[in-house]
Amino acid sequence: MAKRSKAYEAAAQKINEDALYSPAEAVALAKETNPSKSDATVEVAMRLSVDPRKADQMVRGTVILPHGTGKTARVVVFTQGDNVAKAEEAGADYVGGDELIAKVAEGWTDFDAAVASPDMMGKVGRLGKVLGPRNLMPNPKTGTVTPDVAKAVNELKGGKITFRVDKHSNLHFIVGKSSFDAKALTENYAAALEEVLRLKPSASKGRYINRVTVATTFGPGIPVDPNVTKVIAD
């Protein structure tokens, strides 16, 4: 295990590992215990009681954070015809068809999200080996395969995040930056939690969310009470 910095150790001492903090307490403590001098990302990790190997227990969704992510997403759009100009006007960073697909096929993934118009998915589908492992593959369920590419770009630029449970039943998403005030972070957390709860598979019985942790990118994890489903920001 890599040796942790003195700043990390000092931050960790402020956290009671035997306690379960409310979401509002956790994000406030995450801000306080950020060991980095930079504006770190505030991240949430959840352990769900689902079996992602079964199609009816896959948890995957999107949510637009009310206060954004603190980061402007780099968005590529695979499209053609009139949609090219629409995507560019909406602020897409890279727009194209065959040439852009070929570039990604060679391993280029210097972007945060990908959108495709339906008429391009026959070709974009071949990029699964490159985009799939990075959770960048356009998908109708997340609104990133759509004829309205401009709307998709605007949402992604405006704070839309996507999440997907991994093979170990873990779910990760961001709720903002350490420079956000605690209320904004808590309201972002509440919006994401509401969507995760809404997506609970009917096959998941008993407790759905087993464990929740909040942390900054390089900071210690703060345990959150998984039973709190109604989040109060103040």
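Here we summarise the structure given alongside this text.

Each value, and the rule that gives it
- Residues numbered from 1 in each chain as written.
- Predicted model: local features only at pLDDT ≥ 70, side-chain atom pairs only at ≥ 80, totals over all residues.
- Heavy atoms only, no water.
- Pairing = 2+ DSSP bridges.
- Helix = DSSP H or I, 4+ residues; strand = E, 2+ residues; numbered from the N terminus.
- Axes fitted to C-alpha atoms, helices over the stretch in contact; angles between N-to-C directions.
- Contact = heavy atoms within 4.5 Å.
- Buried < 20%, exposed > 50% of the residue type's maximum accessible area, 1.4 Å probe, protein only.

## Describing the pairing of strand 8 (residues 209-216)
Next, step 1: Direction of pairing for strand 1 (residues 41-48) relative to strand 8: antiparallel, over a ladder of 7 bridges. Across the sheet, Val44 pairs through a bridge with Val214, a residue of strand 8.
Next, step 2: Relative to strand 9 (residues 222-224), strand 8 runs antiparallel, the two sharing 3 bridges. The partner of Val214 across the bridge, within strand 9, is Ile222.
Next, step 3: Here strand 8 folds back onto strand 9 in antiparallel fashion, the turn holding 5 residues.

## Quick look at the sheet that holds strand 3 (residues 75-78)
Next, step 1: Spatial ordering of the open sheet is given by 4-3-5, a layout of 3 strands whose pairing is parallel. With one partner strand each, in any of the chains shown, strand 4 (94-96) and strand 5 (113-116) form the two edges of the open sheet. Taken over all neighbouring pairs, the strand axes of this sheet differ in orientation by 15° on average, direction set aside.
Next, step 2: Contacting strand 3 and strand 4, helix 4 (residues 98-105) runs over the sheet at an angle of about 125° to strand 3.

## Some details on the pairing of strand 7 (residues 170-177)
Next, step 1: With 6 of its 8 residues buried, strand 7 lies for the most part within the structure.
Next, step 2: Note that strand 1 and strand 7 share 7 bridges and pair antiparallel. Across the sheet, the residue bridging to Val44 is Phe173, located in strand 7.

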